[in-house]
Amino acid sequence: MGVEIPNDFDVDLTGIPSTLHLNVDTLPSVHFNVDTLPSIHFNVDALPVLHLAVDSLPKIQFAVDPVEIRLTEFPSVRGHLPADFCIGLSILGLEVMNIRLCGEAQVITEPYRPNPCEICGPTSFIQISRSDPGTPE
């Protein structure tokens, strides 16, 4: 059972006194209380068939100008690599003997100039220049 609220209201303003006093400080409290709401059900019986199609895609181009990488010379590098070699003999999984070589290996692509700790002989070398190419060695 529902109550309809009318859309139009008629107000008779014939008995209004010449002076009207309104006091806003003492407005009555208005409370709204909703005890029950009617249950609302939404049903979708059938969904329309949706068709998606892509007619054409734009052409996507990714271009890089020709890039040339050339190795004109090896870079001057002196690389130190740790070395740990173990050569052994085992019988039925038991180690009988082994030889372990530990140290450092080097990769050198620069003109070789020995470090102070790599010089093994005398530090003064005598350079002999031959002025006569026909002289035997």
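Reading the values: rules and limits
- Residues numbered from 1 in each chain as written.
- Predicted model: local features only at pLDDT ≥ 70, side-chain atom pairs only at ≥ 80, totals over all residues.
- Heavy atoms only, no water.
- Helix = DSSP H or I, 4+ residues; strand = E, 2+ residues; numbered from the N terminus.
- Buried < 20%, exposed > 50% of the residue type's maximum accessible area, 1.4 Å probe, protein only.
- Contact = heavy atoms within 4.5 Å.
- Salt bridge = Lys/Arg side-chain N within 4 Å of Asp/Glu carboxyl O.
- Pairing = 2+ DSSP bridges.
- Patch = residues over 30% accessible without salt bridge, like charges linked within 9 Å, V, L, I, M, F, W, Y side chains within 5 Å.
- Areas by Shrake-Rupley, 256 points an atom, 1.4 Å probe, with all protein chains shown as cover.
- Polar contact = N/O pair within 3.5 Å; in protein donor to acceptor, adjacent residues only side chain to side chain.
- Disulfide = S-S within 2.5 Å.

**Some details on the overall build of the chain**
No. 1: Of regular secondary structure, the chain possesses 0 helices and 2 strands.
No. 2: Relative to its full complement of 137 residues, the chain shows a buried share of 2%.
No. 3: Across the chain, contacts joining residues at least 24 apart in sequence account for 47% of those joining residues at least 6 apart.

**Focus on unusual backbone geometry**
No. 1: You will see that Leu92, though not glycine, has its phi angle at about 55°, which is positive.
No. 2: Residue Leu92 is classed as exposed on the basis of its relative accessible area of 85%.

**Quick notes on the pattern of salt bridges**
No. 1: According to the stated counting rule, one finds 3 salt bridges in the structure shown.
No. 2: Of the charged contacts, one joins Glu68 and Arg70 as a salt bridge, the two residues approaching to 3.0 Å between their closest N and O atoms.
No. 3: Judged by its relative accessible area of 66%, Arg70 is exposed.
No. 4: Across the salt bridge formed by Glu110 and Arg78, the nearest N and O atoms sit 3.0 Å from each other. On the criterion of sequence distance, the pair formed by Glu110 in the segment after strand 2 (94-108) and Arg78 in strand 1 (residues 78-91) is long-range, its members being 32 residues apart.

**Quick look at the pairing of strand 1**
No. 1: In this sheet, strand 2 lies alongside strand 1 in antiparallel orientation, the contact comprising 14 bridges. In the strand pairing of strand 2, Asp84 is matched with Cys102.
No. 2: Linking strand 1 to strand 2, which pair antiparallel, is a turn of 2 residues; within it Leu92 sits at a positive phi near 55°.

**Side note on a nonpolar patch on the surface**
No. 1: Taken together, the side chains of Phe85, Ile87, Leu89, Ile91, Leu92, Val96, Met97, Ile99 and Leu101 present a nonpolar region at the surface, about 990 Å² in accessible area.
No. 2: Elements with a minimum of two residues in the nonpolar patch: strand 1 and strand 2.
No. 3: Here Leu92 lies in the loop between strand 1 and strand 2.

**Some points on the side chain of Arg78**
No. 1: Among the residues examined, Arg78 registers a relative accessible area of 18% and is labelled buried.
No. 2: Among the polar contacts listed, one links the side chain of Arg78 to the side chain of Glu110, at a separation of 3.0 Å.
No. 3: Not counting residues up to four positions away in its chain, the partners in contact with Arg78 are Gln106, Val107, Ile108, Glu110, Tyr112, Arg113, Asn115 and Glu118.

**Overview of the state of the cysteines**
No. 1: Here the structure, examined in full by the defined rule, presents 0 disulfides.
No. 2: As a non-bridged cysteine, Cys86 has Cys102 as the owner of its nearest cysteine sulfur, 8.4 Å distant.
No. 3: Taking relative accessible area as the criterion, Cys102 reaches 56% and is therefore assigned exposed.

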